[in-house]
Amino acid sequence: MANIGRAWLVGPLLAAVLHVQPGTASTLAEPSGVVQAVRRLQPDLTVTGQGSLRMYGFHIYDARLLLPPQGLAGERLTDQPFALDLRYARAFRAADIARRTREEMERLDAGSAAERRAWEAQLARLLPDVRANDHLTGVYRPGYGTTFLLNGVHLGDIAGASFAEAFFAIWLDPRTSAPQVRQALLGRLRP
């Protein structure tokens, strides 16, 4: 997972037919409590890209990428802090989110089979069921790992860059299941 493109995950419950509505920081309302919570962990992060995922006509979530002022500056995504916020449009069970995350990691060949199983178990214990309008946010901090927040409240952490590279590859890897989401998140940053 050496390049930036292999650093973001596509997200729960994706399938073949996707419709993404790109947005800008001014067109989608900024969830101030969530952004404030992210900035308590990483003060310099701001929303730099966002879009909405629809599947078979159903709104699944709105995604927002938060980056430092220098953007994606390193060779690897995990060379700098960043955050991804998902505002869910419908309810999902934590076990389903964890399972779908492992399946997407597997599809991208991110991590080993043993790591993916361990990460799925960690996520299943860490994440709650989500309801419509809940914000699930992952904040990566170099040298520390990924902190998860629900509506701006700390849920827990998963240490290390390996997990972050595999997890966030779901959204930002060029081979993502949702290339339109990736484009909406990175459009102004990457060709």
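Look up a bit, the structure's there.
Residues numbered from 1 in each chain as written. Predicted model: local features only at pLDDT ≥ 70, side-chain atom pairs only at ≥ 80, totals over all residues. Heavy atoms only, no water.

Quick look at the overall build of the protein chain
Then comes step 1: Along the backbone of the protein chain there are six helices and eight strands.
Then comes step 2: Mapped in sequence order, the helices and strands of the protein chain form the string β-β-α-β-β-β-α-α-β-β-β-α-α-α.
Then comes step 3: Within the protein chain, the fraction of its 191 residues that count as buried is 54%.
Then comes step 4: By element, 52% of the accessible surface of the protein chain is carried by carbon and sulfur atoms, the whole surface being about 8,100 Å². (Helix = DSSP H or I, 4+ residues; strand = E, 2+ residues; numbered from the N terminus. Buried < 20%, exposed > 50% of the residue type's maximum accessible area, 1.4 Å probe, protein only. Areas by Shrake-Rupley, 256 points an atom, 1.4 Å probe, with all protein chains shown as cover.)

Digging into unusual backbone geometry
Then comes step 1: In this model, aspartate 109 sits at a positive phi of 55 degrees, which is unusual for a non-glycine residue.
Then comes step 2: Turning to its location among the elements, aspartate 109 is positioned in the loop between α2 (94–107) and α3 (113–126).
Then comes step 3: Taking relative accessible area as the criterion, aspartate 109 reaches 56% and is therefore assigned exposed.
Then comes step 4: Unlike most non-glycine residues, asparagine 151 shows phi in positive territory, near 50 degrees.
Then comes step 5: Examined against the element boundaries, asparagine 151 turns out to sit in the loop between β7 (145–150) and β8 (153–159).

Some details on the environment of tryptophan 119
Then comes step 1: Within the element layout of this structure, tryptophan 119 appears in helix α3.
Then comes step 2: The exposure class of tryptophan 119 is buried, given its relative accessible area of 8%.
Then comes step 3: Among all residues touching tryptophan 119, those that are not within four sequence positions of it are Met105, Ala110, Gly111, Ser162, Phe163 and Ala166. (Contact = heavy atoms within 4.5 Å.)

Regarding empty space enclosed by the protein
Then comes step 1: The full count for this structure, using the stated rule, is one cavity of 30 Å³ or more.
Then comes step 2: By volume, the largest cavity is sized at about 80 Å³.
Then comes step 3: Lining the largest cavity are 14 residues, and of these Leu86, Leu136, Phe148, Phe167 and Trp171 lie nearest its centre.
Then comes step 4: Elements that contribute at least two residues to the lining of the largest cavity include exactly β5 (82–88), α2 and β6 (135–141).
Then comes step 5: Considering only residue class, the lining of the largest cavity consists of 11 nonpolar, three polar and no charged. (1 Å grid on protein atoms, 1.4 Å probe; cavity = no way out; pocket = protein on both sides within 12 Å on 5 of 7 lines; lining within 4 Å. Points joined across faces, edges and corners; volume = space filled by probe spheres on them. Nonpolar A, V, L, I, M, F, W, Y, C, P; charged D, E, K, R; others polar.)

What about the packing of aromatic side chains?
Then comes step 1: Going through the model one piece at a time under the given rule, you end up with 10 aromatic pairs.
Then comes step 2: Note on phenylalanine 148 and phenylalanine 167: the rings are 5.4 Å apart at their centroids and 85 degrees apart in plane angle, and the pair reads as edge-to-face. Of this pair, phenylalanine 148 sits in strand β7 while phenylalanine 167 sits in helix α4 (residues 161–167), and the two are 19 residues apart along the sequence. Taken as a pair, phenylalanine 148 and phenylalanine 167 share a single burial class, namely buried.
Then comes step 3: Through a chain of ring-to-ring contacts, three or more aromatic side chains come together here, namely Phe82, Trp119, Tyr140, Phe148, Phe163, Phe167, Phe168 and Trp171.
Then comes step 4: Above the ring of tyrosine 144, the side-chain terminus of arginine 141 is found at 4.2 Å from the ring centroid. (Phe/Tyr/Trp six-rings, centres within 6.5 Å; stacked < 30°, edge-to-face > 60°. Lys NZ or Arg CZ within 6 Å of the ring centre and 35° of its normal.)

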